[in-house]
Amino acid sequence: MLEKNYNPNDAEQRIYQDWEKSGDFKPDMRSNKDSFSIVIPPPNVTGVLHMGHALDDTLQDILVRYNRMLGKKVLWQPGTDHAGIATQMVVERQLAKEGISRHDLGREKFIETVWKWREKSGGTICKQLRRLGASCDWSRERFTMDEGLSRAVVKIFVSLYKDGLIYKAKKLVNWDPKLMTAVSDLEVLQKETTGKMYYYKYPIEGEEGEFVHIATTRPETMFGDTAVAISKDNEKLKHLIGKKCKLPLTDRVIDIIADDHADPVKGTGAVKITPAHDFNDFEVGKRHHLEMINILNEDATLNENTPFEGLSTMEARQKTIEALEKLGLMEKIEDHPMVVPYGERSNAVIEPLMTDQWFVDAPKLAVAAIKAVENGDMQFVPKNYEKTYFEWMHNIQPWCISRQLWWGHQMPIWYADDGTIFCEETEQEAYKQAEKHFGKKVNLTRETDVLDTWFSSGLWAFSTLGWPDQTEFLDTFYPTSVLVTGFDIIFFWVARMMMMSMYQMKRVPFKKCYIHGLVRDEQGRKMSKSKGNTVDPMITIEKYGADALRFFMAASETQGRDVNVSDARIAGYRNFATKLWNAARFCEMNGCKYTKDFDPQKVQMDLNKWILAKADEATSEVTRNLNDFRFSDAANAVYQFVWGTFCDWYIELSKSVFYGQNEAEKKETQQTAAFVLDRILIILHPFMPFITTELWNNLAERDVKLIHAPWPEVKAQNTNASAIDWAIDLITSIRSLRADLNLPAGTKLTMFLDGLKQNHLDETKQMVLSLARLENIELLTTEVSKDMVQGAFSGGVFFIPLKGVVDFEAERARLSKELSELEGRLKGYKAKLSNESFVSRAPQKVVEEEKRRQSEALEQKQKLQEAFERIKDL
RNA sequence: GGGUGUGUAGCUCAGGUGGUUAGAGCGCUACGUUCACAUCGUAGAGGUCACAAGUUCGAGUCUUGUCACACCCACCA
């Protein structure tokens, strides 16, 4: 017996443990069907589950469970990311509480500490994914720093290096002075602020009283100035080109050069050029072979090349202004809106800094990655995200992959004392090559930089499957079927996976990429800790159950649009689960039990034929929508079927059978109800795996677990509106009319049915009569007279005798208007169907649809005409 | 500056290829607890589909323009 109430918290954990223990998430390698695989976007090992994960992983789990039920070999490959900066920061913060810095420990000890931390607290998010119901094959869980993946990283790195696609260069990079590492362009956030624009002047060398006027937001960088640029088209100022000016507060004299970077209408028209601290100036500097003077230390304090050594940029700025004022060179200071770059992790102001860094030649790797999308080997869903992808890929910059951190993959680079670089997979090999190169044993020093986390994530699609080893899993599951992720990750991850995979595997990492939106709060605002509007999925799960949260995510996911988390809606899906539970209880109480020998083809009763047809309809709708990644349509189709069709009508109508005396009918209905309930459990399972499993296990003995139950194949569909649809329509109309007329529910009505097709009444006579009894209506067929209220429904019209309520005049007007509209439509159908090019060019399905509409409209027209005739003279 | 998307009921949102009376959930109103379910049922109110013009027998849907909003990229001496 089912309990009166369903308790998700008990059931969900119990059921999940059984799945995992029984190995239900492992792929069935004996299946002769296709393989289906997804690699999970690896969450940061430091992370806790947020609503974004809940969405992302629910969608993946739905696809995985659906495909598993289709009988395919299914792998959902889980794992976590070592998340270089994030993890290092977390551990450093912990150490800081004990008053220790990572430098106190030293590199080796620190890394040991991080590993220990990971052992202890790194598994949180995976536990939470289990709570959500994610059916990953946990026996294959990987970590971007584990032995195998590290081997993949080293191998690819060496290969890229030897192909000339990784190189070292001294370049201007985004420098995070707090973390003291380079970061990539993508890790820099531009924030709007109100700053100041400073106007001052540099004296022209050798011309007393002559000046060149400068405007800048960062006066302290003047110590790195090595030129002043003016456009050669600048009529007012071009006479200064070729002269020299004295750089105040220094003993340097710099050239005034011609360069179009200086826009005559911006600022003063003359730009100070600081090649070592500004990306544009860097380009100018390269063009004119200017000296690059670095004025900053790694912590963004000023260095010995300035008079303000050791001061922060802000302090130095103040000092510089004061000094310029003393010299009488300062002219004015204005407020100025500007954007300042911040590090996304450290939130420190990012400084462009000249450093030695390692780069991946992304523009070269992008070529194959672009092509793979152009030729459809990898398809974005929805398609328009490929525009975003192309846009970025076509303008891609070299990718800075070196990080001056400790936690991460140390680069397989060794230097000889003279700076010669050896890039090999092992230290031994590097020494061997060095000995060969120098003709003697030499001393090597390993590069201390580690790789950008996204370097190893970029290999995820094949490294987790065993590469560089040629494994069965790699053969079976690569390329993966689909990648599911948010649009904010396209550049970080999707693009890099594409580049790395095309380079190494020569094939795409995934055939499709489903892009979903962001999870927002109820009002559509971005969730953030500082706003305090975050919702913890774990709390939601405790409150409503994982099934409710999952169903919400599925039902809200409409191809790339953002999802607003709504507590009320999640509660609604909890109610839906309760509804299903109670429907199952009803079935159980009325002896509806799954039996092996039931053949749905052999049912006799209209009611049962009808619900079976509806079940097939719902099934194919779910199937079609899941195949098209239309999650909300799929979820809504099940929802509508369970609540709106099965509970609201089938169960209600079945009562007249169960409370009646016909044992044969009763048995057929019991079997049908059990069969349809099973069908519901199957098609709902990908969305609500827990409650469906709990019911499956409790309702009957089974040959197969629900998680492996075969997905039903629906063949030809009976789309004819049956007598039951007719009866439902009738009842709805009666109820509606009764309410309109303000007749209390207890009022006994006599109703005249007129114009009915006799066979309708015969087919479902018992049903209609018993329903009428429930609705307190006495059904008669008779002539219609003047004092009748008309109700219309698909079977025709019915009348209730009441005096002076109905306005036949208005009714006639309404009918004739409808008739003329219908005429228009019929004309359209006819025109379209007689149009050669439409019939020959449009897909068969569309033409059929059009024909169906036409015949429906014809039928409708006939009915309306009959109805009109009937009331014509009243 | 370049790009992408959005504007539909009080709220949050659905509305593949134009086609019956524009839908859902929540909220609201009225009524209803007899044995699946009050985490419920029945009925109802509520919409100039941002605005304007166009194509069409027919436009929420297609075209053009306008207005508002959101996001992404680049730049701002």
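Above this text you will find the structure in question.
Residues numbered from 1 in each chain as written. Chains lettered and ligands numbered in written order. Predicted model: local features only at pLDDT ≥ 70, side-chain atom pairs only at ≥ 80, totals over all residues. Heavy atoms only, no water.

Help me understand the overall build of chain A, please; the structure alone is not making it clear to me.
In terms of regular secondary structure, chain A is built from 29 helices and 29 strands. Carbon and sulfur atoms make up 48% of the accessible area of chain A, which amounts to about 40800 Å² in all. (Helix = DSSP H or I, 4+ residues; strand = E, 2+ residues; numbered from the N terminus. Areas by Shrake-Rupley, 256 points an atom, 1.4 Å probe, with all protein chains shown as cover.)

Sorry, what's going on with the sheet that holds strand β20 (residues 444-446) here?
Paired through their backbone hydrogen bonds, the strands of a sheet run either parallel or antiparallel. Read from one edge to the other, the open sheet built from three strands follows the order β19-β18-β20, with strand pairing classed as antiparallel. Either end of the sheet is taken by a strand with one partner, and the two such strands are β19 (421-423) and β20. Direction aside, neighbouring strands of the sheet carry axes that sit 30° apart on average. Judged from the three bridges that link them, strand β18 (residues 413-416) and β19 form a sheet pairing that is antiparallel. Directly across from Trp 414, in β19, lies its bridge partner Phe 422. Relative to β19, helix α7 (residues 147-162) is tilted by about 130°, and along the sheet it contacts β18 and β19. Sheet strands in contact with helix α12 (residues 427-438) are β18, β19 and β20, and its direction is about 140° off that of β19. (Pairing = 2+ DSSP bridges. Axes fitted to C-alpha atoms, helices over the stretch in contact; angles between N-to-C directions. Contact = heavy atoms within 4.5 Å.)

Please explain the packing of aromatic side chains as it appears in this structure.
Two aromatic rings, taken as a pair, are described by how far apart their centres are and by the angle between their planes. Tallying each qualifying case throughout the model produces 38 aromatic pairs. Between the aromatic rings of Phe 576 and Trp 643, the centroid separation amounts to 6.3 Å while the plane-to-plane angle is 15°, which identifies the pairing as stacked. Placement of Phe 576 in helix α19 (residues 567-589) and of Trp 643 in helix α21 (residues 631-658) is noted, with a sequence separation of 67 residues between them. Accessibility expressed as a relative area gives 25% for Trp 643, which makes it partly exposed. Through a chain of ring-to-ring contacts, three or more aromatic side chains come together here, namely Phe 551, Tyr 573, Phe 576, Tyr 639, Trp 643 and Phe 687. The ring of Tyr 594 has Arg 702 sitting right over it, with the charged end atom 4.8 Å from the ring centre. (Phe/Tyr/Trp six-rings, centres within 6.5 Å; stacked < 30°, edge-to-face > 60°. Buried < 20%, exposed > 50% of the residue type's maximum accessible area, 1.4 Å probe, protein only. Lys NZ or Arg CZ within 6 Å of the ring centre and 35° of its normal.)

Looking at this model, I keep getting lost on the pairing of strand β11 (residues 253-258). Mind explaining?
In regular strands, side chains alternate between the two faces of the sheet. Two strands pair when backbone bridges link them, and strand β9 (residues 227-230) and β11 are joined in this way by four bridges, in the parallel orientation. In the strand pairing of β11, Val 228 is matched with Ile 256. Pairing analysis gives three bridges linking strand β10 (residues 244-246) to β11, with the strands arranged antiparallel. Among the inter-strand pairings, Lys 246 is bridged to a residue of β11, identified as Val 253. With antiparallel pairing between neighbouring strands as the criterion, β10 and β11 make up a hairpin whose turn holds six residues, including Leu 249 at a positive phi of roughly 65°.

I'm lost on the sheet that holds strand β16 (residues 399-400) in this one. Help?
With antiparallel pairing, the four strands of this open sheet are ordered in space as β6-β5-β14-β16. Both outer strands of the open sheet, β6 (181-183) and β16, are each paired with one neighbouring strand and no more. Here strand β5 (residues 166-176) runs beside β6; their pairing, made up of three bridges, is antiparallel. Each bridged residue has a counterpart across the sheet, and for Asp 176 the counterpart in β6 is Thr 181.

Can you walk me through the protein's contact with RNA strand B in this structure?
In the region of RNA strand B, 53 residues are neighbours, and Ala 215, Val 271, Asn 280, Val 339 and Arg 624 sit closest. When the atoms of RNA strand B within 4 Å of the protein are sorted by group, sugar and phosphate make up 60%. The side chain of Arg 574 places a nitrogen or oxygen atom 3.0 Å from a base oxygen of RNA strand B. A distance of 3.2 Å separates a sugar or linking oxygen of RNA strand B from a polar atom in the side chain of Asn 582. Among the elements of the structure, β8 (211-216), β13 (330-343), α19, α20 (606-627), α21, α24 (723-740), α27 (808-833) and α29 (844-871) are those that each provide at least two residues to the surface near RNA strand B. Grouping the amino acids of the surface near RNA strand B by side-chain chemistry returns 18 nonpolar, 15 polar and 20 charged. (Near = heavy atom within 4 Å. Polar contact = N/O pair within 3.5 Å; in protein donor to acceptor, adjacent residues only side chain to side chain. Nonpolar A, V, L, I, M, F, W, Y, C, P; charged D, E, K, R; others polar.)

For this particular structure, what's the right way to read the pairing of strand β22 (residues 480-486)?
Where burial is concerned, most of β22 is hidden: seven out of the seven residues are buried. Regarding the hand of the β-α-β motif, the stretch spanning β22, helix α16 (residues 490-504) and strand β23 (residues 510-516) is right-handed. (Right-handed = clockwise from strand over helix to strand, strands pointing away.)

Sorry, what's going on with the state of the cysteines here?
Two cysteines form a disulfide when their sulfur atoms are joined by a covalent bond. For the structure on display, the rule yields zero disulfides. Just so you know, Cys 513 is unpaired, no disulfide at all, and the nearest cysteine sulfur is the one on Cys 136, 18 Å from it. Taking relative accessible area as the criterion, Cys 513 reaches 0% and is therefore assigned buried. (Disulfide = S-S within 2.5 Å.)

Please clarify how the nonpolar core should be interpreted in this entry.
Buried together is how nonpolar side chains tend to be arranged in soluble globular proteins. Core analysis: the largest hydrophobic core is formed by 174 residues, its most contacted members being Tyr 389, Phe 455, Phe 646 and Phe 687. The leading source of residues in this core is α21, at 15 residues. Setting aside anything within four residues of it in sequence, one finds Phe 687 in contact with Ile 62, Asp 547, Arg 550, Phe 551, Ala 554, Val 622, Leu 626, Phe 631, Ala 634, Ala 635 and Val 638. (Core = buried A, V, L, I, M, F, W, Y, C linked by side-chain atoms within 4.5 Å.)

Explain empty space enclosed by the protein to me, please; I cannot follow it from the model alone.
Where empty space is left can be seen by rolling a probe of water-molecule size over the atoms. Per the counting criterion, the structure on display carries three cavities of 30 Å³ or more. Within this model, the second largest cavity holds a volume of roughly 50 Å³. Around the second largest cavity sit Cys 592, Lys 593, Tyr 594, Ala 674, Leu 677, Asp 678, Leu 699, Ala 700 and Arg 702, which together line it. At three residues, helix α22 (residues 663-684) tops the list of elements feeding residues into the lining of the second largest cavity. Among the residues forming the lining of the second largest cavity, the class breakdown is six nonpolar, no polar and three charged. (1 Å grid on protein atoms, 1.4 Å probe; cavity = no way out; pocket = protein on both sides within 12 Å on 5 of 7 lines; lining within 4 Å. Points joined across faces, edges and corners; volume = space filled by probe spheres on them.)

Before we go on, may I ask you to explain unusual backbone geometry in this structure?
In terms of backbone geometry, most residues other than glycine have negative phi values and most peptide bonds are trans. In this structure, the amide linkage connecting Val 381 to the following residue, Pro 382, adopts the cis form with an omega of -5°. You can see Pro 382 is positioned in the loop between β15 (379-381) and α11 (385-394). Of note, the amide linkage connecting Tyr 478 to Pro 479 takes the cis form, showing an omega dihedral of 0°. With a phi close to 65°, Leu 249 is a non-glycine residue in the positive phi region. Considering the arrangement of structural elements, one finds Leu 249 in the loop between β10 and β11. A positive phi angle is found at Asn 347, which is not glycine, with a value near 60°. Looking at where Asn 347 falls in the secondary structure, it is placed in the loop between β13 and β14 (351-360). Looking at Asn 347, the relative accessible area reads 45%, which means it is partly exposed.

Which parts of the structure should I look at to understand α7?
In an α-helix there are 3.6 residues to a turn, and that puts residues three or four apart on one side. Here α7 contains 16 residues, and its C-alpha end-to-end distance of 23 Å stays within 8% of the 22 Å for a straight helix at 1.5 Å per residue. Residues of α7 that are buried: Gly 148, Leu 149, Ser 150, Ala 152, Val 153, Val 154, Ile 156, Phe 157, Val 158 and Leu 160. The first or second residue beyond α7 is Gly 164, which carries a positive phi of 75°. (Expected span 1.5 Å × (residues − 1).)

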